[in-house]
Amino acid sequence: MANYPKKVLLREDGPREGFQMHAKVIPTAEKLRLIDLLAETGISSIEVTSFVRADKVPQLADAEEIAQGIIPRAGVRYRALYLNQKGLERASTFPNLQPEGYVLLAASEEFLKRNNNQTLDQALAELPAWIKLFQEKSMRFERLMISTAFGDAFAGKLKADLPLSVVAKALEVIAANNSSVEEVTFADTTGYANPESVQQLVGNFRDRYPQLSVGLHLHDTRGTGMANVYAGLELGVDRFDCSVAGLGGCPFAPGAAGNVPTEDVAFLCAELGIETGIDLQRYIQCALEAEKIIGHKLPGKLKQGGKI
């Protein structure tokens, strides 16, 4: 029988994930307007930008302007992505932002090289420095994020053993440095997951690490995104990264689609009696607005079908 959670945390990644791959530069004012609209929906966590090199991701060259231009709203956490310690230092200078304490790793080493410019051994060797930096900034070590947890074009389809071995190595280093992490997030960065592989990975992880929370970051590259969400919900997963209207893609994963649409996931949860705190009608309006800003049809379904 399904073991649905009573409540789910949906983390909105659209303003960062959604615009980073778009060829035409989106005006900063439009990004800020969408962020402000999203903040009125009941969503409690929004990733607004990424502090990365502008020559690598030109669409995010306005990270500072976004961070300065946010109008903070009570109950909403405004996050920013960073790939290295310099990025976190940049993000930490803005009082409007509350960046998470997280470290990005990957099951596919080739992806890690392209995305983070480092090998797995190098990334693991940096963990003590991350822990020290989080402590210096009085930040919790909230998430260990495992990209390409189900595979990619470089590594092929991965069984659960490989991402779990990456987690085991990381947790060993973290424990050796007298620290701990609250959550492990498995990312289907390139759309290689299916419901069975999601349940195998989550189930095996839960068996080994029952004390840790588990999150899912699911892309809908091959149309299995929502089925994978349901597979996670059946096992009680209560943390999902999503993107308004399904905006998005990854600059280091050619062909990757956006995250599962936030409003579609919220609707599924509502139909299953799972609380999200989200006003679906307002989110539909945000999804339609995102479609106008981007200038073409987006994959989210609820914005077209409407709530029941």
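None of the values given here were measured: they were computed from a predicted structure. (Residues numbered from 1 in each chain as written. Predicted model: local features only at pLDDT ≥ 70, side-chain atom pairs only at ≥ 80, totals over all residues. Heavy atoms only, no water.)

Q: Help me get a handle on the overall build of the protein, residues and values and all.
A: From N to C terminus, the protein includes 13 helices and 10 strands. Considered along the principal axes of its C-alpha atoms, the protein spans approximately 45 × 45 × 35 Å. Scored against the burial criterion, the 308 residues of the protein give a buried share of 55%. Considering only contacts within the protein whose residues lie at least 6 apart along the sequence, 73% involve residues at least 24 apart. Total accessible area on the protein stands at roughly 13000 Å², and carbon and sulfur atoms take up 50% of it. (Helix = DSSP H or I, 4+ residues; strand = E, 2+ residues; numbered from the N terminus. Buried < 20%, exposed > 50% of the residue type's maximum accessible area, 1.4 Å probe, protein only. Contact = heavy atoms within 4.5 Å. Areas by Shrake-Rupley, 256 points an atom, 1.4 Å probe, with all protein chains shown as cover.)

Q: Any details on the pattern of salt bridges? Residues and values, ideally.
A: Under the defined criterion, the tally for this structure stands at 25 salt bridges. Linking Arg114 and Glu110 is a salt bridge whose minimum nitrogen-to-oxygen distance equals 3.1 Å. Of this pair, Arg114 and Glu110 are both found in helix H5 (residues 109-116), 4 residues apart, which corresponds to roughly one turn of the helix. Arg114 gets classed as partly exposed once you look at its relative accessible area, which sits at 46%. For Asp241, the salt bridge goes to Arg143, with nearest N and O atoms at 3.1 Å. (Salt bridge = Lys/Arg side-chain N within 4 Å of Asp/Glu carboxyl O.)

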